[in-house]
Amino acid sequence: MTEHTQPARRARNTIARVAALAGVAVAAVALATPSAMASGTSPKLNGCYSTWGSTGSVGHCVKVTEAGQYKNHGVCTFGSEESLWTSFGYGESNPKWGGVECTFNISKSYIMFTD
């Protein structure tokens, strides 16, 4: 009878070890993967700035100090996304414009300007 119980016990122990190692591997990958919940605000450029969170970004302008064209640029995990150029005159405001969406996550965004 002991001949049959030892291989079964060894099999259970082996399965338990493999499961434990798989759990450790999954935890290591989860901790190494950047969080999709990062968020922030870019520096202001002529009264415009960009905010980002999770996978998207949006531009904001409050009393623009220099007339011209502005674009919101998002830095994604794989590449980048940009909004279309948007014209603002001196003193104009727009609380939400130039939204961009990344497929996975966004690490930062910023405003670009050209006159």
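Treat the numbers as computed from the prediction; the structure is a model and nothing was measured.

Caption draft 1: Here's a closer look at the state of the cysteines. For the structure shown, the criterion picks out two disulfides. Here cysteine 48 engages in a disulfide with cysteine 61; their sulfurs sit 1.9 Å apart. With the S-S bond torsion at 110°, the cross-link from cysteine 48 to cysteine 61 turns out right-handed. With cysteine 48 in strand E2 (residues 48-53) and cysteine 61 in strand E3 (residues 56-61), the pair connects residues that are 13 residues apart, well separated along the chain. The two residues cysteine 48 and cysteine 61 agree in class, both being buried. Here cysteine 76 is linked by a disulfide to cysteine 102, with a sulfur-sulfur distance of 1.9 Å. Here the S-S torsion is close to -70°, and the disulfide linking cysteine 76 with cysteine 102 is therefore left-handed. In this pair, cysteine 76 is assigned in strand E4 (residues 68-76) and cysteine 102 in the loop between strand E7 (94-101) and strand E8 (106-114), connecting sequence segments 26 residues apart. Judged by its relative accessible area of 10%, cysteine 76 falls in the buried class. Using a relative accessible area of 6% as the deciding quantity, one classes cysteine 102 as buried. With cysteine numbering restricted to those in disulfides and following the sequence, the protein has the pairing 1-2, 3-4.

Caption draft 2: Representation of the environment of cysteine 102 in the model. With 48 residues separating them in the primary sequence, cysteine 102 and serine 54 have C-alpha atoms 8.8 Å apart. With residues up to four places along the chain from it excluded, the contact list for cysteine 102 reads Thr55 and Cys76.

Caption draft 3: Highlighting unusual backbone geometry. Although it is not a glycine, serine 54 sits at a positive phi angle of roughly 55°. Relative to the helices and strands, serine 54 is located in the loop between E2 and E3.

Conventions and cut-offs
- Residues numbered from 1 in each chain as written.
- Predicted model: local features only at pLDDT ≥ 70, side-chain atom pairs only at ≥ 80, totals over all residues.
- Heavy atoms only, no water.
- Disulfide = S-S within 2.5 Å.
- Helix = DSSP H or I, 4+ residues; strand = E, 2+ residues; numbered from the N terminus.
- Buried < 20%, exposed > 50% of the residue type's maximum accessible area, 1.4 Å probe, protein only.
- Contact = heavy atoms within 4.5 Å.

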